[in-house]
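This is what each chain is made of:
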Amino acid sequence: RMVVPLAALYTPLKERTDLPAIQYDPVMCLRQTCKAILNPMCQVDFRAKLWVCNFCFHRNNFPPQYSAISEQNQPAELIPQFSTLEYTITRFQTVPSIFLMVVDTCVDEEELRALKESLQMSLSLLPPNALIGLITYGKMIQVHELGGCEGISRSYVFSGTKDYTAKQVQDMLGLGGAGGPQGAPGQKIGGLGSKPQPQPANKFLQPIHKCDMSLTDMLGELQRDPWPVNVGKRPLRSTGVALSIAVGLLESSYPNCGGRIMSFIGGACSQGPGQVVDDELKNPIRSHHNIEKEDVKFMKKATTHYETLAKRATDNGHAIDMYSCALDQTGLMEMKSCCNLTGGNMVMGDSFNSALFKQTFQRVFAKDPKGEFKMAFNATIEVKCSRELKISGAIGPCISGGKNDGSISETEIGIGNTTSWKSCALNPSFTMAVFFEVTTQQGAPIPQGGRGFLQFITSYQHASGQRRVRVTTVARNWGDPATAMPHIAASFDQEAAAVVMARMAAWKADSKEEGADVLRWVDRTLIRLCQKFGEYVKDSSESFRLPENFSLYPQFMFHLRRSQFLQVFNNSPDETTFYRGCLNREDLTNCLIMVQPILYSYSLQLPPEPVLLDTSSIQPDRILLMDTFFQILIFHGETIAQWRAAGYQSQPEYANLKQLLEMPVADAQDALLGRFPVPRYIDTEQGGSQARFLLCKVNPSQTHNNQGWGGGGGDGAPVLTDDVSLQVFMEHLKKLSVSSQA
């Protein structure tokens with residue numbers, strides 16, 4: 001009824017300086033079907049030492065250690081300002097995090113040298129108690145021993161054309177005694193109660209402090225894949241089997257311990273399970289056009305192979321990272337489930353030798369001000385809600401936790417039919433969109449004046465090896481659409497709604513819906529929202545007004561329709577996969593920048609200021625800085641570009657020009673500093689070939705068809721496009737919203 005679904009964007013590891021350190025277990029509701037955690041919204045009887053659960057209304061006694069509580073002496077979990085708390089579960093043993101590197105050796109010498117340097121550098125950044133392992137692959141796969149004799153390097157070689165089960169990998173590597181068949185993957189995470197099952201250390205995964213020197217030497221001696229590659233052929237690359245062996249090694253050695261499989265991919269898998277292209281160079285890898293025509297020989301089988309691997313990895317708490325650096329596609333589209341289901345990183349670049357890859361890889365091991373790693377492992381995110389709410393699903397880099405209870409909605413959005421989700425890697429910007437539906441039991445009215453509650457419980461392995469539980473509880477007032485419509489409209493958050501709709505649209509586009517159908521769905525939803533909340537006289541578009549907190553929403557939808565998330569033209573399937581993957585995992589601010597980039601203007605007359613993302617902002621005497629999240633672009637207007645080419649900035653009397661040229665560069669560096677993955681940095685000018693990155697994003701209010709009309713009168717730069725402008729889009733939206741036929 002509200003058109004845009006009721007949803008919450010939740011960032012479990014949001015960096016908070018105000019959280020007290022709590023070294024005890026959370027108090028849970030004793031009703032087996034509830035198990036919500038004590039929070040400031042619960043009713044408490046201090047005299048009787050009772051608390052009433054605000055989700056199921058069960059009366060619970062406080063445990064003995066709470067006997068001294070009173071209204072003056074309250075524990076942190078009852079203090080209203082701590083609606084989010086983080087508990088450290090001390091009864092859990094600390095377990096080391098595991099990093100298993102899977103390295104592609106079918107790349108040229110320079111690429112391999114740069115990659116080896118990055119890997120050697122990363123050894124010094126890893127947590128000191130971390131376990132590390134190394135697998136290299138080309139035509140064959142080599143699992144390297146790290147705990148062997150000094151000076152003798154041994155590796156176990158596997159064929160690249162055969163798929164190995166976890167049991168076969170376990171037997172061939174001599175990893176017996178992992179308890180039960182297939183390394184006891186039955187030890188699945190069960191919320192707060194299950195314990196990790198570390199096995200005796202094996203020779204393939206060693207503590208970093210023990211094998212630092214030998215691994216540095218081993219990486220330094222890595223050679224390119226020795227198999228000859230004939231003219232007109234691709235190298236034979238066994239990515240699918242290498243990942244399968246990596247998943248098998250971890251699940252049989254360390255089930256349910258946090259770990260990352262970090263795969264470095266320099267090209268497409270060309271043989272064995274998971275193959276995405278054959279070895280003939282004359283047969284290019286699939287494009288969007290081939291997918292539309294269903295002319296894709298390997299896609300279905302490869303996608304199934306990687307989905308199976310991703311599910312096995314998540315069962316055991318292991319994330320799979322993909323660092324793909326190549327000029328051509330590498331098959332990220334088929335492999336996307338490895339990152340999108342496990343929570344692993346997906347990074348796409350041109351070369352392992354580029355600053356983009358090197359800096360991005362360094363940032364994986366970034367630390368917070370306390371000196372702790374900004375990464376967490378093996379997380380379960382569980383959502384509790386009031387009886388009047390039902391959970392429709394979630395969209396984010398996670399997989400269903402398979403927890404089915406009475407609070408599941410019949411309408412499924414994203415990953416549904418569960419109230420808990422699992423993600424094997426979290427970072428501070430990881431954000432899930434969770435969707436809800438308001439339902440009333442047997443036609444009973446919603447309790448007016450009451451409040452509805454949500455609780456998010458995130459149980460995860462901290463980088464230090466501790467088990468932690470972060471709990472966030474929120475409350476919102478109920479409103480009846482029949483009587484309290486203005487209150488409901490006033491609570492609309494247009495930025496969050498734009499991100500939620502963008503994720504839903506990208507999810508639909510990914511789920512094999514036709515692109516045109518997704519655009520029609522976005523349009524229909526926008527028209528219905530305007531009809532519901534706009535003020536207008538029937539059939540009079542001039543009378544149409546939207547409330548202030550809805551005013552930006554139509555332009556977010558305008559830019560979403562034109563974005564690379566829904567328009568696949570001029571993008572490869574791998575690029576589309578990478579862009580959608582980022583949209584589904586980043587926080588609200590970053591997602592909004594992806595949907596509608598930010599544009600800043602710098603000129604000699606005015607201080608730096610944000611300007612409209614419009615052709616009228618392109619002026620000859622301005623420098624523009626555009627941030628699209630994936631690119632940071634500095635665009636010099638025609639006059640400034642000529643001055644720069646003439647070298648005026650190096651003359652002392654033009655110090656102000658020099659300062660003007662330096663300002664956007666300094667601001668761009670600030671934006672580059674904190675972002676992951678590192679954006680592409682572009683420096684261009686009016687008429688330059690890379691100006692296309694700016695021209696495809698701005699609203700085309702001036703085009704070759706209507707030059708001299710629109711936002712900025714005759715100035716500004718016209719764009720050669722047949723796309724409609726925001727002004728025309730809004731005119732049509734108003735007409736359709738007020739139409740009595742609609």
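Residues numbered from 1 in each chain as written. Predicted model: local features only at pLDDT ≥ 70, side-chain atom pairs only at ≥ 80, totals over all residues. Heavy atoms only, no water.

A. Structural view of empty space enclosed by the protein. Taken as a whole, this structure holds 5 cavities of 30 Å³ or more when the rule is applied. Considered as a void within the structure, the largest cavity measures approximately 100 Å³ in volume. Around the largest cavity, the lining residues are Asn340, Asn345, Met346, Asn427, Phe578, Gly581, Cys582, Arg585, Glu586, Phe676 and Pro677. Here the lining of the largest cavity takes 3 residues from helix H13 (residues 573–583), the largest share from any one element. For the lining of the largest cavity, the residue count by class is 5 nonpolar, 4 polar and 2 charged. (1 Å grid on protein atoms, 1.4 Å probe; cavity = no way out; pocket = protein on both sides within 12 Å on 5 of 7 lines; lining within 4 Å. Points joined across faces, edges and corners; volume = space filled by probe spheres on them. Helix = DSSP H or I, 4+ residues; strand = E, 2+ residues; numbered from the N terminus. Nonpolar A, V, L, I, M, F, W, Y, C, P; charged D, E, K, R; others polar.)

B. Representation of helix H7 (residues 332–340) in the model. Taking burial as the measure, the 9 residues of H7 include 9 buried ones, the bulk of the element. Looking at H7, one finds that the buried residues are Leu332, Met333, Glu334, Met335, Lys336, Ser337, Cys338, Cys339 and Asn340. (Buried < 20%, exposed > 50% of the residue type's maximum accessible area, 1.4 Å probe, protein only.)

C. Just the pattern of salt bridges, in detail. Under the defined criterion, the tally for this structure stands at 29 salt bridges. When the shortest N-O distance is used, the salt bridge between Lys374 and Glu15 registers 3.7 Å. Linking Lys374 in the loop between helix H8 (355–363) and strand S15 (376–385) with Glu15 in the loop between strand S1 (6–10) and strand S2 (21–22), this pair joins segments that are 359 residues apart in sequence. Owing to a relative accessible area of 47%, Glu15 belongs among the partly exposed residues under this scheme. Residue Asp171 is joined to Lys167 by a salt bridge in which the shortest nitrogen-to-oxygen separation is 3.1 Å. With a gap of 4 residues between them, Asp171 and Lys167 both fall in helix H2 (residues 166–172), about one helical turn apart. Its relative accessible area of 35% is what places Lys167 among the partly exposed residues. Each of Glu86, Glu372, Arg468 and Arg470 takes part in salt bridges that share partners, so that together they form one network. (Salt bridge = Lys/Arg side-chain N within 4 Å of Asp/Glu carboxyl O.)

D. View of the sheet that holds strand S5 (residues 59–61). Pairing in this open sheet of 3 strands is antiparallel, and the strands run S3-S4-S5 from one edge to the other. Edge positions in the sheet fall to strand S3 (43–45) and S5, since each of these pairs with one other strand and no more. The sheet shows a mean angle of 25° between the axes of neighbouring strands, taken without regard to direction. Relative to strand S4 (residues 50–52), S3 runs antiparallel, the two being bridged by 3 bridges. (Pairing = 2+ DSSP bridges. Axes fitted to C-alpha atoms, helices over the stretch in contact; angles between N-to-C directions.)

E. Focus on the sheet that holds S1. Spatially, the 3 strands line up as an open sheet ordered S1-S19-S16, and their pairing is antiparallel. A strand with exactly one partner marks an edge of an open sheet, and here the two such strands are S1 and strand S16 (389–395). Shown here is a sheet whose adjacent strand axes are inclined to one another by a mean of 25°, direction ignored. Direction of pairing for S1 relative to strand S19 (residues 432–438): antiparallel, over a ladder of 5 bridges. The residue bridging Leu6 from the neighbouring strand is Phe436, located in S19. Docked against the sheet, helix H10 (residues 494–510) engages S1, S16 and S19, running at close to 95° with respect to S1. (Contact = heavy atoms within 4.5 Å.)

F. Structural context of the side chain of Ser459. Relative to the helices and strands, Ser459 resides in strand S20 (residues 451–462). The exposure class assigned to Ser459 is buried, which follows from its relative accessible area of 3%. Only 3.3 Å separates the side chain of Ser459 from the side chain of Arg467, close enough to count as a polar contact. (Polar contact = N/O pair within 3.5 Å; in protein donor to acceptor, adjacent residues only side chain to side chain.)

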